[in-house]
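What follows is the residue order along each chain.
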Amino acid sequence: MELHYLGSVLFSLLMCMTLVRSEAGVSKSSCRFPAIFNFGDSNSDTGGLSAAFGQAPSPNGETYFHTPSGRFSDGRLVIDFIAESLGLPYLSAFLDSLGSNFSHGANFATAGSTIRPQNTTISQSGYSPISLDVQFVQFSDFQRRSQKIRKQGGLFGTFLPKEEDFSRALYTFDIGQNDLTAGYKLNLSTEQVKAYVPDVLSQFTNVMKGVYGQGGRSFWVHNTGPVGCLPYILDRYLITAAQVDKHGCANPFNDVAQYFNRRLKEAVAQLRKELPLAAITYVDVYSVKYTLISQAKKYGFEDPLVACCGHGGKYNYNRYIKCGSKKKVNGREIIIAKSCGNPTVKINWDGVHFTEAANKWIFDSIANGSFSDPPNPLKMSC
């Protein structure tokens, strides 16, 4: 009887362990994000800057939307592919009051945004006044007011997220690139730019803590890309032959980006200790983008350092004649900074941003967790 009883107990224990493992597997593989809340710059802006300061002109949006869509690209961005993969509609910009639906989240990113507020106007430097701290204030206000409106009932409430969606949502961050280039615009040295990175990241972590404090639990954080491979950097700054790598990228700028990324990864590791209920995924977008640029031909792309939409010069980029710029000829307005005609084989769109084809390649590379820490796929990042 004792042996039979012992056997029954052991069998029950094994069954319990199997069920626990099974349930853990189901839970891990079944993140059901009802919403996305995005914070960032032009790499993930779906219309914020356009709503505030005027629409990104044609030919932006030509490939997918067939009209300007608030995105600085010919089509979709990585954040659009993230939404698609999670079965959610594209994110409406928080600042866009026309035709927006926030029931599945909101996008607080604006082109030109930085983590640290800049002491300049947008007309002086091109940097957005809507820095990350402002985006967090907007998120806080959105969370509070959206629930008041929902409780009032009526049509407007249907376009806003449910209260429980805020704790179950995915919070995505893609920002920091402009903080690095801001220093160079002020004629700071590489070492001086590196010196203020800790302060930038301190402000970044404060915002993440703020989101956590308001119920956010799942975070997907992109590091910054190889800025030294962007045409606007290569065209604007004095770069010696000795500073250019074998793929044509500027080493000093990429070194700063990699330094920022190392410190960001350390900051994320510290956040995991301080925010025990959070699932924070750090995504190495830098490696993905550099791989694409340095091996463009292998992946079906060409001229990785040349902008598709621009005007003149070695990189088809002119900061005074940006993508979509027009001039009058014989009383008729014509576009002088045109699209290259086939963005699907181009990596860079306008000297600063990526084409839809490149964004899709980048998303496909990161979605399975291959470049993530921890190495969880997007759909298992809760």
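First, a word on scope: everything that follows refers to the structure included in this document. (Residues numbered from 1 in each chain as written. Predicted model: local features only at pLDDT ≥ 70, side-chain atom pairs only at ≥ 80, totals over all residues. Heavy atoms only, no water.)

**Focus: the overall build of the protein**
Of regular secondary structure, the protein possesses 12 helices and 8 strands. Whereas a compact globule of 382 residues would reach a radius of gyration of roughly 21 Å, the protein reaches 23 Å, a difference of no more than 12%. Overall, the protein is about 100 × 55 × 40 Å in size when its C-alpha atoms are taken along their principal axes. Long-range pairs, those at least 24 residues apart, make up 70% of the contacts in the protein between residues at least 6 apart in sequence. (Helix = DSSP H or I, 4+ residues; strand = E, 2+ residues; numbered from the N terminus. Rg over C-alpha atoms; globule rule 2.2 N^0.38 Å. Contact = heavy atoms within 4.5 Å.)

**Re the sheet that holds strand S3 (residues 170-174)**
Taken together, 6 strands build an open sheet; the order of strands is S2-S1-S3-S4-S5-S8 and the sheet is mixed. At either margin of the open sheet sits one strand with a lone partner, and together these are strand S2 (105-107) and strand S8 (372-373). Of the pairings in the sheet, the one linking strand S4 (residues 218-222) to strand S5 (residues 279-283) comprises 5 bridges and is parallel in character. Of the residues in S5, the one forming a bridge with Ser218 is Ala279. (Pairing = 2+ DSSP bridges.)

**Here's the deal with the state of the cysteines**
In the structure shown here, the tally under the stated rule is 4 disulfides. With a sulfur-sulfur separation of 2.1 Å, Cys229 is cross-linked through a disulfide to Cys249. Here Cys229 and Cys249 share a disulfide; its torsion about the S-S bond, 110 degrees, makes the bridge right-handed. Here Cys229 is found in the loop between S4 and helix H9 (231-236), whereas its partner Cys249 is found in the loop between H9 and helix H10 (251-274), with 20 residues between them in sequence. (Disulfide = S-S within 2.5 Å.)

**Looking at the packing of aromatic side chains**
Going through the model one piece at a time under the given rule, you end up with 28 aromatic pairs. For the pair Phe94 and Phe142, a centre-to-centre distance of 6.2 Å together with 85 degrees between the ring planes defines the contact as edge-to-face. Of this pair, Phe94 sits in the loop between helix H3 (78-85) and S2 while Phe142 sits in helix H5 (residues 132-152), and the two are 48 residues apart along the sequence. Its relative accessible area of 23% is what places Phe94 among the partly exposed residues. Residue Phe142 is classed as buried on the basis of its relative accessible area of 7%. A cation over an aromatic ring shows up here: Arg71 above the ring of Tyr90, its NZ or CZ 5.9 Å from the ring centre. Note that Arg76 overlies the ring of Tyr64, its terminal NZ or CZ placed 3.8 Å from the centroid. (Phe/Tyr/Trp six-rings, centres within 6.5 Å; stacked < 30°, edge-to-face > 60°. Buried < 20%, exposed > 50% of the residue type's maximum accessible area, 1.4 Å probe, protein only. Lys NZ or Arg CZ within 6 Å of the ring centre and 35° of its normal.)

**Quick look at the pairing of strand S1 (residues 36-40)**
Along S1, 5 of the 5 residues are buried, which leaves the element largely enclosed by surrounding structure. When S1 meets S2, the two strands line up parallel, connected through 3 bridges. Bridge pairing in S2 links Phe37 to Ala106. Direction of pairing for S1 relative to S3: parallel, over a ladder of 5 bridges. Bridge pairing in S3 links Ile36 to Leu170.

**Comments concerning the nonpolar core**
Membership of the largest hydrophobic core comes to 87 residues, with the highest contact counts inside it found for Phe37, Ile82, Tyr171, Phe173 and Phe219. The element best represented in this core is helix H8 (residues 190-213), accounting for 10 residues. (Core = buried A, V, L, I, M, F, W, Y, C linked by side-chain atoms within 4.5 Å.)

**Quick look at empty space enclosed by the protein**
The probe, sized like a water molecule, is rolled over the atoms to show the empty space still left. Taken as a whole and assessed by the stated rule, the structure comprises 2 cavities of 30 Å³ or more. Its boundaries defined by the atoms lining it, the largest cavity holds a volume of some 100 Å³. Asn43, Leu77, Lys289, Phe354 and Asn359 are the residues nearest the centre of the largest cavity, which is lined by 13 residues in total. Each residue belonging to the lining of the largest cavity can be placed in one class, and the counts come to 5 nonpolar, 6 polar and 2 charged. Lining the second largest cavity are Asn38, Asn43, Ser44, Val78, Ile79, Ile82, Thr172, Phe173, Asp174, Trp220 and His222. Secondary structure elements with two or more residues in the lining of the second largest cavity: H3, S3 and S4. Grouping the constituent residues of the lining of the second largest cavity by class yields 5 nonpolar, 5 polar and 1 charged. (1 Å grid on protein atoms, 1.4 Å probe; cavity = no way out; pocket = protein on both sides within 12 Å on 5 of 7 lines; lining within 4 Å. Points joined across faces, edges and corners; volume = space filled by probe spheres on them. Nonpolar A, V, L, I, M, F, W, Y, C, P; charged D, E, K, R; others polar.)

**A short note on the pattern of salt bridges**
Side-chain pairing between opposite charges can occur once the charged atoms of the two side chains come close. The final tally for this structure, using the stated rule, is 13 salt bridges. With a shortest N-O distance of 3.0 Å, Arg116 and Asp199 are connected by a salt bridge. Of this pair, Arg116 sits in the loop between S2 and helix H4 (122-125) while Asp199 sits in helix H8, and the two are 83 residues apart along the sequence. Relative accessible area serves as the criterion here: at 35%, Asp199 is assigned to the partly exposed category. A salt bridge links Asp165 to Arg168, with the shortest nitrogen-to-oxygen separation between them at 3.5 Å. Of the two residues, Asp165 and Arg168 are both situated in helix H6 (residues 165-168); the distance of 3 residues between them amounts to about one turn of the helix. We classify Asp165 as buried; its relative accessible area is 6%. Note on Arg168: relative accessible area 42%, which makes it partly exposed. Linked through salt bridges whose partners overlap, the residues forming this network are Arg76, Glu84 and Glu356. (Salt bridge = Lys/Arg side-chain N within 4 Å of Asp/Glu carboxyl O.)

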